[in-house]
Amino acid sequence: MKTICGIDCSECGLKANCGGCEATNGHPFGKSCMLAECCKSNSLAHCDTSCSSECRLKKQLIEEFNALGIEDMEEVKNLNALKGSFVNLEYLLPSGQAIKFWDDNKIYLGNQICKKNSSRCYGLTADENYLLVCEYGDNGANPEIVIFKKR
């Protein structure tokens, strides 16, 4: 399956349902993919080799996440393309309202980073406009927003 950004999707368990990046013009699952949109808009000129391996967008977001200065978060070294349904946790606001921030079918950049001296993890997700860092237990249990900010 050919992709716009160069990621190898041959081992992905979702490949039968996504429609293929190149075949959908960067809209697998019917929604946009950050990497495909970046690569299309910049015609790969912003990338050192291929969009997936040396992407300047990824480098910029990694710098932004690390600059947040979250004391007990390990250094962010990589971000992955993630379907929104994997990162779209439901958060309980102080008012009692439950809220989700992401679109289940859009492709974001993110990662899971260990929280130092804890069994909990940090979930990092970014789109074109926002950075989200949350903290959660096993399988996304009891998620809490650490930082949600405009880029």
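Report on the accompanying structure. (Residues numbered from 1 in each chain as written. Predicted model: local features only at pLDDT ≥ 70, side-chain atom pairs only at ≥ 80, totals over all residues. Heavy atoms only, no water.)

1. Details of the nonpolar core
And step 1. Core analysis: the largest hydrophobic core is formed by 25 residues, its most contacted members being Leu61, Phe65, Met73, Val76 and Leu124.
And step 2. At the level of secondary structure, the elements contributing two or more residues to this core comprise helix H2 (34–42), helix H3 (56–67), strand E4 (107–114), strand E5 (121–126) and strand E6 (130–136).
And step 3. Residue contributions to this core peak at five residues, all from H2.
And step 4. Excluding residues that lie within four positions of it along the chain, Leu124 makes contacts with Phe65, Met73, Val76, Leu109, Gly110, Asn111, Ile113, Leu132 and Val133.
And step 5. If you look at the next biggest cluster of nonpolar residues, it comprises nine residues, including Leu89, Trp102, Cys134 and Tyr136. (Core = buried A, V, L, I, M, F, W, Y, C linked by side-chain atoms within 4.5 Å. Buried < 20%, exposed > 50% of the residue type's maximum accessible area, 1.4 Å probe, protein only. Helix = DSSP H or I, 4+ residues; strand = E, 2+ residues; numbered from the N terminus. Contact = heavy atoms within 4.5 Å.)

2. Some words on a nonpolar patch on the surface
And step 1. Residues Tyr130, Ile145 and Phe148 make up a contiguous nonpolar surface patch of about 230 Å² in total accessible area.
And step 2. Structurally, the position occupied by Phe148 is in strand E7 (residues 144–150).
And step 3. Among the residues examined, Phe148 registers a relative accessible area of 33% and is labelled partly exposed. (Patch = residues over 30% accessible without salt bridge, like charges linked within 9 Å, V, L, I, M, F, W, Y side chains within 5 Å. Areas by Shrake-Rupley, 256 points an atom, 1.4 Å probe, with all protein chains shown as cover. Salt bridge = Lys/Arg side-chain N within 4 Å of Asp/Glu carboxyl O.)

3. Things to note about the packing of aromatic side chains
And step 1. According to the stated counting rule, one finds five aromatic pairs in the structure shown.
And step 2. When the centroid spacing of 5.7 Å and the interplanar angle of 50° are considered together, the rings of Tyr91 and Phe101 count as tilted. With a gap of 10 residues between them, Tyr91 in strand E2 (residues 91–92) and Phe101 in the loop between strand E3 (98–99) and E4 connect regions that are remote in the sequence.
And step 3. Seen from their ring centres, Trp102 and Tyr108 are 4.7 Å apart, and the 50° between their planes marks the pair as tilted.
And step 4. Ring pairs connect the aromatic residues Tyr91, Phe101, Trp102, Tyr108, Tyr130 and Phe148, which therefore count as one cluster.
And step 5. Above the face of the Phe29 ring, Lys83 is positioned so that its terminal group lies 4.6 Å from the ring centre. (Phe/Tyr/Trp six-rings, centres within 6.5 Å; stacked < 30°, edge-to-face > 60°. Lys NZ or Arg CZ within 6 Å of the ring centre and 35° of its normal.)

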